[in-house]
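If you want the building blocks of each chain, they are given just below.
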Amino acid sequence: MPSSTRRTRPPHAALRIATVLAVVSLAVSGCASGPGAAITASAASTIPTTPDATPPAPTPDPVDWDECGPNLDCATVEVPLEYAEPDGEQVSLAVVRHRATDPDRRIGSLFVNPGGPGVPASEMVRSIDPSGETGPFSPDVVSRFDVVGMDPRGVGESDAVRCLTDEQRAEQAAEDRDPTIPGGKPFGQLLKDARTFTKGCAAHQDRDFLASLSTDNVARDLDQVRAALGEEQVTFYGASYGTVVGPMYATLFPERVRQMVIDAPVDTDLWQNDPLRLLDDVAKSNEETLDLWFETCRTEGVEACPFGDGDPEAAFDTLIADLEEEPLQVPPVEGLTPGGTLDGAMALEGVRATAGVRTLWPQLTAGLLAAQQGNGTFLHFMVANLTVAPFGGPFATLQEPHTAVRCADWPALRNLGEHRAAAREIDARGERLGSRAAFSALNCAFWPAANEDRFTGELDGAGAPPVLVVGGEVDNVSPYHWAQAMTERLEDAVLLTRTDVGHTSYRTSGPCIDEAVDAALIDGVLPDEGTVCEAVPAGTTRPPSAPAGE
């Protein structure tokens, strides 16, 4: 089994964005460096048999909590490595709980999964602001629920998968990428990288463990934690990949669901059956968000968006070409970026990360202007802090668990011709960002741990309460038609739509979304079908230094 040594926890995505905003002024100004419960008998004894006939796991021991921060408790829960052998080898799962701030009005436990796959749920819980002014959940939710984050097996503190050494990751990150070819490197080099990656996984990880990292096991693990907490039912909020975990749980354990909200849904049919088409959809969404930034820049005019002097596309293409011909050297900033070379391919990585976050559009404008003037700090910073949404960047610390979960969940992708055909289709569209999706599933072609019993049934949540599905009209990771497909696939669901740009909507898009999500989680009240919330504030490309009254 993998070592139980705890690894350094990568910061939650929300904390990353806050850090970005704190250092953006450095890039704008031209600076090149900066600052860095007791268990009940009924809950314990009636774990249901799942639809795929997996035998019920033995009831886990009650959770033994240790206080680990203000209003925080930490514990580990032992679960079966393979649920087909419930009394066999066990794995340890890290669980963090933020206790309800109004215990007299406590409803129960809210399980959360922030996505990735590969993003630790424990970090999401640790980022909770009890006052509710900031953080991932509102004051009402924090007051009424124990918010529980379980790091899925192979993620975060639950024995995070590690396949590359620091030196190997640095070497691959430093290799030259060509923005004009699919995948950024010659196909032979991509194959070499994939073999290095997967051989490292086989060498450093137990293959049975790798094969067990599928979402159906994550859902079973969640139910084990539920039983260990003594809860009859759970409330669930999932974002991005967490919207695969939620429907999986609702399908396997519908009677255990009290309420569920899924935010920025994945198309679970594509996820289970056609991952190359899923990644192609994501590539198109990446391009759509950049195109909307261009359109907004032109519409707002040069007084607000001076980049390109009214023709941002032409200026952008020129900048990428210039950086590819003569890269910028970016000095390191301790704790923020390792520094290095910003060439055209690297700049596209930074742009892809930033264009998909509506609140970072002003900083994208500033970063592009700074790069024109020879300062690549902001764009390089974004690459250095990019995680896995949805393609692991060259410095992505979460790339190994991200890949491991995908390869455990997806059908076999060993036909290299299918990868090449998918890459050619992306390349033929002539997109600025599309090459990042090309060959991004190549590691799964050489994956050393086949998952022979992955769950392939439709994730319809039959028998669970109505699910609130929140979808954004422009989402660089989860295109809107995925939210529509999710709503149709679930037996009982309501779609809430958010306008404007962004990946996920809750706590980032204004009171309309927040109040609807809170009502669903707390009271089980869903909005009317067809409800649309205007994002607040709407996207703007005006850099922070530009006066708003111009």
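Computed from a predicted model, the values in this text were never measured in an experiment.

Peer 1: Whenever I open this one, the overall build of the protein chain confuses me. Can you help?
Peer 2: Within the protein chain one finds 19 helices and 12 strands. Out of the 550 residues in the protein chain, the part that is buried amounts to 61%. As presented, the protein chain carries roughly 20300 Å² of accessible surface, and 50% of it is formed by carbon and sulfur atoms.

Peer 1: Can you help me understand unusual backbone geometry in this one?
Peer 2: Leaving glycine aside, a negative phi is the common case for residues, and trans is the common case for peptide bonds. Here Gly116 and Pro117 are connected by a cis peptide whose omega angle stands at -10°. Secondary-structure assignment places Pro117 in the loop between strand E4 (108-113) and helix H3 (121-126). Cis geometry is found at the peptide bond from Val536 to Pro537, where omega equals -5°. Relative to the helices and strands, Pro537 is located in the segment after strand E12 (532-533). At Asn71, a residue that is not glycine, the phi angle is positive and equals roughly 65°. Here Asn71 is to be found in the loop between strand E1 (66-69) and strand E2 (72-80). Unlike most non-glycine residues, Ser240 shows phi in positive territory, near 55°. Along the chain, Ser240 falls in the loop between strand E6 (234-239) and helix H9 (242-252).

Peer 1: Where do I start with the packing of helix H13 (residues 344-355) against helix H15 (residues 377-385) in this structure?
Peer 2: Axis angle and axis distance: for two packed helices, these are the angle between their axes and the distance between the axes, and together they describe the pair. For the pair H13 and H15, interaxial distance at closest approach is 8 Å and the crossing angle is 75°. Classified by the angle between their axes, H13 and H15 sit roughly perpendicular to one another. Residues Met346, Ala347, Glu349, Gly350, Val351, Ala353 and Thr354 of H13 form the contact with H15, whose own contacting residues are Phe378, Leu379, His380, Met382 and Val383. A per-class count over the contact of H13 with H15 returns eight nonpolar, three polar and one charged.

Peer 1: Got a minute to help me understand empty space enclosed by the protein in this structure?
Peer 2: A probe as big as a water molecule, rolled over the atoms, marks out the empty space that is left. The space that makes up the largest cavity amounts to roughly 590 Å³. What lines the largest cavity is a set of 36 residues, among which Arg177, Leu190, Gly392, Gln399 and Arg436 lie closest to the centre. Only helix H5 (166-174), helix H6 (187-204), H13 and helix H16 (399-409) provide two or more residues apiece to the lining of the largest cavity. Considering only residue class, the lining of the largest cavity consists of 17 nonpolar, 11 polar and eight charged.

Peer 1: Explanation requested: the state of the cysteines in the structure shown.
Peer 2: Linking two cysteines covalently via their sulfur atoms produces the bond known as a disulfide. In the structure shown here, the tally under the stated rule is five disulfides. Each disulfide pairs two cysteine sulfurs, and for Cys407 the partner residue is Cys444, the sulfurs being separated by 2.0 Å. Measuring handedness by torsion sign, the sulfur bridge of Cys407 and Cys444 sits at about -95° and is left-handed. Placement of the pair is Cys407 in helix H16 and Cys444 in the loop between helix H17 (416-428) and strand E10 (467-474), with a sequence separation of 37 residues. As far as burial versus exposure is concerned, Cys407 and Cys444 are alike and both buried. By sequence-ordered numbering of the bonded cysteines, the protein chain has its disulfides arranged as 1-2, 3-4, 5-6, 7-8, 9-10.

Peer 1: Hey, could you run me through the nonpolar core in this one?
Peer 2: Here is a general trend for soluble globular proteins: nonpolar side chains tend to be buried in one another's company. If you look at the biggest cluster of nonpolar residues, it comprises 76 residues, and the most contacted ones within it are Phe111, Leu210, Trp447 and Val469. Not counting residues within four places of it along the chain, the set of residues in contact with Trp447 comprises Phe197, Thr198, Cys201, Leu210, Thr403, Ala404, Cys407 and Arg414. Residues Trp293, Phe294, Leu328 and Leu364 belong to the second largest nonpolar core, which totals 40 residues.

Peer 1: Can you help me understand the pattern of salt bridges in this one?
Peer 2: Two side chains bearing opposite charge may form a pair once their charged atoms approach each other closely. This model, assessed by the stated rule, comprises 29 salt bridges. Here Asp166 and Arg162 are joined by a salt bridge, their closest N and O atoms 2.4 Å apart. Between Glu313 and Arg298 there is a salt bridge; the shortest N-O distance is 2.3 Å. With a gap of 15 residues between them, Glu313 in helix H12 (residues 312-325) and Arg298 in helix H11 (residues 275-300) connect regions that are remote in the sequence. Salt bridges sharing common partners tie together Arg277, Asp280, Lys284, Glu425, Arg429 and Glu431.

Peer 1: Can you walk me through H15 in this structure?
Peer 2: Every α-helix winds through 3.6 residues per turn, so residues three or four apart in the chain are directed the same way. In terms of burial, H15 is a largely internal element, nine of the nine residues being buried. Listing the buried residues of H15 in full gives Thr377, Phe378, Leu379, His380, Phe381, Met382, Val383, Ala384 and Asn385.

Peer 1: In this structure, what is going on with the environment of Gln168? I would like to understand it.
Peer 2: Among the structural elements, Gln168 can be located in helix H5. Residue Gln168 is classed as partly exposed on the basis of its relative accessible area of 27%. Apart from the residues within four sequence positions on either side, Gln168 is in contact with Cys163 and Thr196. From its side chain, Gln168 meets the backbone nitrogen of Thr165 in a polar contact 3.0 Å long.

Peer 1: I would appreciate a short explanation of the packing of H13 against helix H14 (residues 361-372) in the present structure.
Peer 2: Relative to each other, H13 and H14 sit at 160°, their axes nearing to 9 Å. The pairing of H13 with H14 is recorded here as roughly antiparallel in orientation. The two elements H13 and H14 cross, and the hand of that crossing is left-handed. Touching Val351, Thr354 and Ala355 of H13 are Trp361, Leu364 and Leu368, all from H14. The residue makeup of the contact of H13 with H14, split by class, is five nonpolar, one polar and no charged.

Peer 1: Would you explain the packing of aromatic side chains in this entry?
Peer 2: The geometry of two aromatic rings is summed up by the distance between their centres and the angle between their planes. For the coordinates displayed, the defined rule picks out 10 aromatic pairs. Consider the rings of Phe137 and Tyr506, whose centres lie 6.2 Å apart with planes at 50°: the pair is tilted. Taken together, the positions of Phe137 in the loop between H3 and helix H4 (139-144) and Tyr506 in the loop between strand E11 (493-501) and helix H19 (511-523) put the pair 369 residues apart, joining distant regions of the chain. For the pair shown, Phe137 and Tyr506 are each scored as buried. Pairing Tyr241 with Trp271 gives two aromatic rings, centres 5.5 Å apart and planes at 45°, and the pair type is tilted. With a gap of 30 residues between them, Tyr241 in the loop between E6 and H9 and Trp271 in helix H10 (residues 268-273) connect regions that are remote in the sequence. Trp271 shares its class with Tyr241; the two are buried. Positioned above the aromatic ring of Phe187, the side-chain terminus of Arg420 is 4.2 Å from the ring centre.

Analysis parameters
- Residues numbered from 1 in each chain as written.
- Predicted model: local features only at pLDDT ≥ 70, side-chain atom pairs only at ≥ 80, totals over all residues.
- Heavy atoms only, no water.
- Helix = DSSP H or I, 4+ residues; strand = E, 2+ residues; numbered from the N terminus.
- Buried < 20%, exposed > 50% of the residue type's maximum accessible area, 1.4 Å probe, protein only.
- Areas by Shrake-Rupley, 256 points an atom, 1.4 Å probe, with all protein chains shown as cover.
- Axes fitted to C-alpha atoms, helices over the stretch in contact; angles between N-to-C directions.
- Parallel < 35°, antiparallel > 145°, perpendicular 65-115°, else oblique.
- Contact = heavy atoms within 4.5 Å.
- Nonpolar A, V, L, I, M, F, W, Y, C, P; charged D, E, K, R; others polar.
- 1 Å grid on protein atoms, 1.4 Å probe; cavity = no way out; pocket = protein on both sides within 12 Å on 5 of 7 lines; lining within 4 Å.
- Points joined across faces, edges and corners; volume = space filled by probe spheres on them.
- Disulfide = S-S within 2.5 Å.
- Core = buried A, V, L, I, M, F, W, Y, C linked by side-chain atoms within 4.5 Å.
- Salt bridge = Lys/Arg side-chain N within 4 Å of Asp/Glu carboxyl O.
- Polar contact = N/O pair within 3.5 Å; in protein donor to acceptor, adjacent residues only side chain to side chain.
- Left-handed = near helix turned anticlockwise from the far one by under 90°.
- Phe/Tyr/Trp six-rings, centres within 6.5 Å; stacked < 30°, edge-to-face > 60°.
- Lys NZ or Arg CZ within 6 Å of the ring centre and 35° of its normal.

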